[in-house]
Every structure is written in C-alpha cells, then in structure tokens.
Amino acid sequence: MHRFKKLGSAVLPILAFSSGVFAAPASLEQQRVIYQKAQNYLDKKQVDEYLEIRDLISDYPLTPYVDYRTFLIDIGKRTPEEVDAFTEKYRYFPFSNNIRSRYLDALIAKEKWNDLYQYQADEPRMEKYQCSYYYARLKNGEKEQAFKGAEKLWLSGKSVSDNCEGLFKEWQQAGYRTDDMVLRRMLLSFEKNSNNLINYLAKMPTDKQSIQQAKEIKLLAKNPENVIEFSQKYPASDFNRKKSQIALKKLARKDIDLAQRALPIVFKAQDFSVDAQQNVSDYLAVRLFNTEELGLAEWRDKVLTTSKSLSALEQRIRLAIRQADWQGVSDWIVRLPQDEKDSLRWQFWLGRSELELGNRNKGIERLQGLLGKRNFYSVAAAKTLDKPVLYQVSNEKPATEILKPYSASLVRINELIEVEKIAAAKSEWNWLLWQVGSKEKEALAVYAAKKKWHHLSVKATIEAKMWDNTALRFPLAHQWWFNFYAEKHNIDPITLMSVARQESAMDVEARSPVGARGIMQIMPKTAKYTAKKYKIKYKGTSELYDVGKNIEIGSHYLNGLLKQYDNNRIFAFAAYNAGPHRVKVWRERSNQQLDAFAFIEAIPFKETRGYVQNILMFETYYRNIMKVDGEFLHSNEISTKY
C-alpha cells in the first residue's frame, strides 16, 4: 500500500472560550487534533469530557469511530433495542459487524440471559455464542430446543467452548448425557486424534458394556496395530466398523506396511462395504506415493484404478511426471473426470506426453489449442512449441462517477489513510467492496489506482474478477526501493516486484496468520537471521512494516537463495515459500530427470506449486506493462536437469 507522510508533530492552536469549550475548528488539521483528544479521553473512559467537544468534530469523517467507542463503554447496560438502533444507524460502517459480538460478550459476562434471549433470535455462527444462545433458551423455558442444541454441541471431536459448561451441566442433570452420547463423542475424538479428550471421556460411561467399549476406543487410539484383533473379536456393526476404519487410517500414519496387510482381514471381519473399502484404501494409497517397494507401489496403483478421489488421481499423475513416465501420465489423465481432463493443466500434460511418446502431430495440435490464454500452461505450451507468448489484455478503465453514492465511505477511507490508520482503512475498503456490485468494484479499482492505494486497488480487481486488466492488477508500486535493492544485489527489479505482488498484493501492512510481515512477508526469525548475516541495521519486528526496510531484508534473503541455486529462480522461489530443506528433498526425488515445467508440476505442495507459477507469470505481466524485454525462463533454467 502507498505509504503516506505523517502529520506534523506541532500542535495547532485552537481558540477557546472562557467556559473551556473549544471554538469550531477552522481546518481539517485542527479537527484531527480534536479527534485525537477525543480518543485520549475515551482511552481513560472519560465519556463526559468527550461529549463536551463532540460537536466540534460532528462533521469530521472519523467521528463515528469515537461514537462507536463511546457506545461500547458499558455496552452490557444497553437494551437490545438500543443496540439494534445503533447498529442500524451505522450499518454502512465496518464496525457495525462487530457490535453484535461485543454486546453478546457483555451479556454473557453479566449473565443477562433474558436480554440475550430477546436480542439473539437465530443461532449464531460461532460455537461460544451458540453455547450461550441455547443456555439463554433454556433459562427462558425452551428446554427441548436448548437440549437439542446441547446435543449438537456435545457431539464434537474436539474440546468445546467453556461457554457450554452451564448448558452441558443442566443437559446432563436432565439425563441426556447417556453412555451412548459419550461413546459417540469418543469416536469423533478418535477420528480427530484428540487423545486427551478421549482419556477424559473414557471416565464417563456407567454401564459395564459401555465401559468396555470406551476402553476399546482408548486402546485403539493408543495402539492402532490392535485393529486386526479388535475387528475379529467384536461383531460387525456400524459402530465397530467406524472404530476399525479410524484405527486403520491411524495405523497407516504409524506403520503403512502393517496397515496395508491388515486391510483385507479387517474389511472381511467387519463386513466393509465396497465404498468404505475404497475410502480407506485411497487413504493408504496416497501415503505410498514415495514408496520404493514394488509390491506396495503395484497395490497402490491397483487401488487408484477404481478411485474417484480427484486429489489422489492428480497426485498419481504428478508422480508419473516426476518419474518421467510419459505413458503413465497419459493413462492416469484419461481416468480424470471429463471437466478436469479438459482443463488447461491436464491438456498441457497430455500434449507433452504425446510428444514424448512420439505422437508429435497430435501433441502439437493439442498444445496449439492452448495458446493465447492468460495462464501458466498456455505459456508453457508456447515455450514447448517455440511460439511467442500471447494472452488477452484489457485496458478498460471504468468511469468512477458511479461511485458518487459511496462518497462518504471514500472520504473516510482517505482520512484514515492520511492519519495512518491503515488497518481501519482496509476494513472500510473491504466492507465497501462487500456492499457494492461488480461495476462499482471495477470503478473502485480505478479510483484506488488513481489515489495510489496500491493494495486496495489490487483487492478490488480480485473482487471484481478483472483478470485481464493486468495494468490495474499489477501496480507499479514502490519502484524506487525495488530498483535500489535490485541494483545492489544484481537482481531483476521485476523479480522483486513480482515476489512482493505474490506475497502481499503490495500491502506494506500485511501480516499473515503465521506471523509473516510486510510487503515481502518476512518472518521475524528470517528477518533477524538475514539482518545478522548481512550486517543490516534492524531494530526489530515493527520495522518490517517499513516498506524500505522490508524490501532491503527480503531482497537480501532472496539474493542469498538465488546464489545458493546458481540464479535458478524456480528453486529460489520454491525455497522462499517452502524452505530450502523441502527443495532439497524434491530435487533428490526427481533425480535430475525433469525439465523446468515438469519439476514445477511435480512439487507436492499445492501452495508452493502455485506460488512458483504465479511469480513467473507476474514477471511476464510486469515486463509487458513496463515494456521491458525478458524471457519467461532464463537459459540456465531451461538447460538445468531437475
């Protein structure tokens, strides 16, 4: 995202009456000062002091945010009618989506079950609120509905929210937590591999038979190799079949050879249906893709010939590609569902297999049919046929007049960016995109591009599905920094831009669920390691949100990977995403018998495979936008045996 300059630190003068009430501010800058003062008051929960100055910022775009903060103070004392009225008044603000959960939290904390019953008419989506929802129903006399909800929540293979404690207690006291319920939950826990929960539940059954069944689940969870003995000892039933099925899959993770030998015995003893047998066999077959035992490999392929699992079949095709088994590639692609077989991906590999097997005319004809598409496999087909890379491009820039009804939202977003409330600006933008139609989304992409809100523009193009409008999808952002560090490390700046576009969609404030930060999504540990190795000045994690520092560290790290792999971007990109150790394993498996395209396709991680393909395509788009010559693959990448 575009980095905006900070406001000056000098406090602007504000006139004051003798009563202490501020005069109306003369400028937007002064309103910002008062707004910050209001925020400071609310930090200390000084609502009265805020209300004294509220009129001075009544027309300031961000004042609803302090109104929202004010409303949240002691929200538990509000009536459902007041909350509904406030939510309706501010329905065009993203925080309106949070009011319900904040109110429910307050009501639950204060145990105001009557208000919760009145306010929450439908079952909430989140488990913790579902617990309280049904408890409120119980407290308001709806026992049947409440206990049905309790049963649904109880039947979970994982620990349930503490909010359910009161509900479960009364459900149990009413006699609904039967031994059957306990055993059913134990089975779910077994399937989810929740051993602590299994041990906890195993203490609950009361009758002799249920105690024994709980004991068997517990033993199978600990020692799945006992599945053969179990399946033969106990009569065939749905419950025992399910236990056996879960145990077989767990055994496969522990000892695949033993699991494979156990299958026919267990299937026969517990009278598995054909579909159930296929389900378990598929699970084992997928775990045998790296086996070197001929017998197991033959069994795996026999299983997959009758499989309907798309994932398993695609993995088998990739194994054939990895092994340069071109007849196998063709044979396994034919087994795919027709719509999958017709995809650009598998049509390319079918064409490649035809070329490799000597059916050149058919292979060339098939690959020619893929040309001209904005797709990795279309480019791969062009390179295979030594044809120019062509793809459809749209330069259309929809008019932004259509956005007039949303001018208030756009003013707020602009002001949030000016005062560097970037997270709130992104939230407003996403909320606006959620509300508008496709034409408005297209116009918003243009609007954001004009404002140099790079990440917001990219986000809008994705929401609007503007796939052919590469100029809007790939903004020329932060070029000074990319050019500076590219020249320093002798890296193509377009490579750096493409990595950043893939990593964060040009969002300098991005943070991933695992903690990667900034425009090039640097993990804190990687940043610390890289800074130490290359003697980079680095003050800590917060610096990763500085676009220049992030690109500095990211470019150093990528440059180190490129040097490690003799400037082979395919290896470097894969390592940037999945780590050098995994790249080493993948290279050992392919044993230098693949070309670049085959190696990329053979990458077992869907995320990493798509990551490498995307960045190569992004470089192509950027070169066309910037009118810079360059090859899709460099000569050393083409000549390398992978």
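Basis of the calculations
- In every chain, residue numbers begin from 1 and rise along the written sequence.
- Owing to the predicted nature of the model, reporting of local features is limited to residues with pLDDT of at least 70; listing and counting of side-chain atom pairs is limited to 80 or more, with chain, interface and lining totals taken over all residues.
- The side-chain values count all of the structure's non-hydrogen atoms but skip hydrogen atoms and water molecules.
- Numbering of helices and strands runs from the N terminus, with a helix taken as a DSSP run of H or I at least four residues long and a strand as a DSSP run of E at least two residues long.
- Residues are treated as being in contact if the distance between any of their heavy atoms lies within 4.5 Å.
- Calculation of accessible area relied on Shrake-Rupley with a 1.4 Å probe; when residues are assessed, cover is drawn exclusively from the protein chains displayed.
- UniProt positions are given in the numbering used here, feature names are shortened, and annotations may be inferred rather than shown by experiment.
- Our working definition of a disulfide is a cysteine sulfur pair at a distance within 2.5 Å.
- For the exposure calls, accessible area comes from a 1.4 Å probe over protein chains only, and a residue counts as buried if that area is under 20% of its type's maximum, exposed if over 50%, partly exposed in between.
- Pairs were defined over the aromatic rings of Phe, Tyr and Trp, the Trp ring being its six-membered one, requiring ring centres within 6.5 Å. Orientation was assigned from the angle between planes: stacked under 30 degrees, edge-to-face over 60, tilted for the rest.
- The criterion for a charge sitting over a ring is simple: Lys NZ or Arg CZ within 6 Å of the ring centre, and within 35 degrees of the ring normal.
- The axes used here are C-alpha line fits, helices contributing only the stretch in contact, and every angle between their N-to-C directions lies in the interval 0 to 180 degrees.
- Throughout this description, any angle smaller than 35 degrees is read as roughly parallel, any larger than 145 degrees as roughly antiparallel, any in the 65 to 115 degree range as roughly perpendicular, and the remainder as oblique.
- Working rule for handedness: look at the near helix, and if it is turned counterclockwise from the far one by less than a right angle, call the crossing left-handed; if clockwise, right-handed.
- Three classes are used, and their members are as follows: Ala, Val, Leu, Ile, Met, Phe, Trp, Tyr, Cys and Pro are nonpolar, Asp, Glu, Lys and Arg are charged, and the others, Gly among them, are polar.

Our next topic: the overall build of the protein chain. Looking only at helices and strands, the protein chain has 37 helices and 0 strands in total. With the principal axes as the frame, the protein chain shows a C-alpha extent of 95 × 75 × 50 Å. Pairs at least 24 residues apart make up 57% of the contacts formed inside the protein chain by residues separated by at least 6 positions. Looking at the protein chain as shown, the accessible area adds up to about 32,600 Å², and 48% of this sits on carbon and sulfur atoms.

Taken from the UniProt record, the annotation "domain: Lytic transglycosylase superhelical linker" (unreviewed entry) applies to residues 407-469. Helix makes up 81% of residues 407-469 and strand 0%. Its end C-alpha atoms lie 25 Å apart.

What follows concerns the state of the cysteines. For the structure shown, the criterion picks out 1 disulfide. The residue that forms a disulfide with Cys-131 is Cys-164, at a sulfur-sulfur distance of 1.8 Å. For the disulfide bridge between Cys-131 and Cys-164, the dihedral angle about the S-S bond is near -85°, and by the sign convention the bridge is left-handed. Of this pair, Cys-131 sits in helix α7 (residues 127-139) while Cys-164 is found in the loop between α8 (143-154) and α9 (165-173), placing the two residues 33 residues apart along the sequence. On the basis of relative accessible area, Cys-131 is assigned to the buried category, the value being 0%. Accessibility expressed as a relative area gives 0% for Cys-164, which makes it buried.

As a further point, take the packing of aromatic side chains. Within this structure, the stated rule accounts for 44 aromatic pairs. Measuring from ring centre to ring centre gives 5.0 Å for Phe-230 and Tyr-234, while their planes differ by 40°; the resulting arrangement is tilted. Between Phe-348 and Trp-349 the ring centres are 4.9 Å apart and the planes differ by 80°, which places this aromatic pair in the edge-to-face class. Accessibility classification places Phe-348 together with Trp-349 in one group, the buried group. The rings of Tyr-65, Tyr-68, Phe-71, Phe-86, Tyr-90, Phe-93 and Phe-95 are connected pair by pair, giving a single aromatic cluster. Over the ring of Trp-154 we find Arg-185, and its NZ or CZ is 4.6 Å from the ring centre. Sitting over the ring of Trp-332, Arg-335 keeps its end group 5.5 Å from the ring centre.

Bringing helix α3 (residues 63-72) into the picture now. Here α3 lies mainly inside the structure; 9 of its 10 residues are buried. Of all the residues in α3, the buried ones are Thr-63, Pro-64, Tyr-65, Val-66, Asp-67, Tyr-68, Thr-70, Phe-71 and Leu-72. Of the surrounding elements, those touching the buried residues of α3 are α1 (28-43), α2 (47-53), α4 (80-89), α5 (96-109), α24 (407-418) and α25 (422-435). Phi turns positive, to about 55°, at Asp-74, one or two residues after α3.

Now for the packing of helix α29 (residues 479-489) against helix α32 (residues 547-564). Running from N to C, α29 and α32 point in directions that differ by 30°, and their axes come no closer than 10 Å. One way to sum up the angle between α29 and α32 is to call them roughly parallel. The handedness of the crossing between α29 and α32 comes out as right-handed. Taken together, the residues of α32 that come into contact with α29 (itself represented by Trp-481, Phe-482, Tyr-485, Lys-488 and His-489) are Val-547, Gly-548, Ile-551, Glu-552, Ser-555, His-556 and Asn-559. Taken together, the residues that form the contact of α29 with α32 break down as 5 nonpolar, 5 polar and 2 charged.

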